[in-house]
Amino acid sequence: GCDDNQTSADVGNVGTFNLPPGTGPGGAGGACTNALVSACNARPQTTFIQLLEDMRIVLQQKKFTQVPQLSGSHPVDLGRPFTL
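What comes next is a walk through the structure.

## Structural notes on unusual backbone geometry
Unlike most non-glycine residues, lysine 63 shows phi in positive territory, near 70 degrees. Residue position: lysine 63 is located in the segment after helix H2 (48-61). You can call lysine 63 exposed: its relative accessible area is 72%.

In C-alpha cells:
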C-alpha cells in the first residue's frame, strides 16, 4: 500500500521492473506490487524494514511518488525476517 494521503499508482508496462520470467502476465500492473516482487527477487533474505526501504528505492528510481507503508492492528518487529 501507500501513505493514507496518496493514491496507489499503476504501471503501464511492468517489463520496466526487470522481473524474472514467469513472475506475472506482463502488461499493466500495480507499481507497489511490482516493487515488492522486484525487491524480493533482488534480496531474497530480507527483513520487513529492508524490504520497505528497497521498495521505496525501486519506486523512486522509476519516478513514482508513492511511498510504501505497512500498517496493522498489532505491533510488528520490522527487524525480523520477511516471509511470504
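The discussion continues.
## Some details on the packing of aromatic side chains
Any aromatic ring pair is given by two values, namely how distant the centres are and how the planes are angled relative to each other. Scanning the entire structure with this criterion turns up 1 aromatic pair. Their ring planes at 85 degrees and their centres at 5.3 Å tell us that phenylalanine 48 and phenylalanine 82 sit as a pair that is edge-to-face. Residue phenylalanine 48 is located in helix H2, and its partner phenylalanine 82 is located in the segment after H2; the two are separated by 34 residues in the primary sequence. On the basis of relative accessibility, which here comes to 17%, the residue phenylalanine 82 falls in the buried class.

## Re the nonpolar core
Val11, Phe17, Ala31, Cys32, Ala35, Ala39, Phe48, Leu51, Met55, Val58, Leu59 and Phe82 together form the largest nonpolar core, which totals 12 residues. When contributions to this core are tallied by element, the ones reaching two or more residues are helix H1 (31-42) and H2. The dominant element in this core, judged by the number of residues it contributes, is H2, at 5 residues.

## Let's talk about the pattern of salt bridges
On inspection of all chains with the given rule, the structure shows 1 salt bridge. A salt bridge links aspartate 54 to arginine 43, with the nearest nitrogen and oxygen atoms 2.8 Å apart. Taken together, the positions of aspartate 54 in helix H2 and arginine 43 in the loop between H1 and H2 put the pair 11 residues apart, joining distant regions of the chain. By relative accessible area, aspartate 54 is classed as buried at 13%. Owing to a relative accessible area of 36%, arginine 43 belongs among the partly exposed residues under this scheme.

About the criteria used
- Residues numbered from 1 in each chain as written.
- Predicted model: local features only at pLDDT ≥ 70, side-chain atom pairs only at ≥ 80, totals over all residues.
- Heavy atoms only, no water.
- Helix = DSSP H or I, 4+ residues; strand = E, 2+ residues; numbered from the N terminus.
- Buried < 20%, exposed > 50% of the residue type's maximum accessible area, 1.4 Å probe, protein only.
- Phe/Tyr/Trp six-rings, centres within 6.5 Å; stacked < 30°, edge-to-face > 60°.
- Core = buried A, V, L, I, M, F, W, Y, C linked by side-chain atoms within 4.5 Å.
- Salt bridge = Lys/Arg side-chain N within 4 Å of Asp/Glu carboxyl O.

By themselves, these observations are geometric and do not establish any function.
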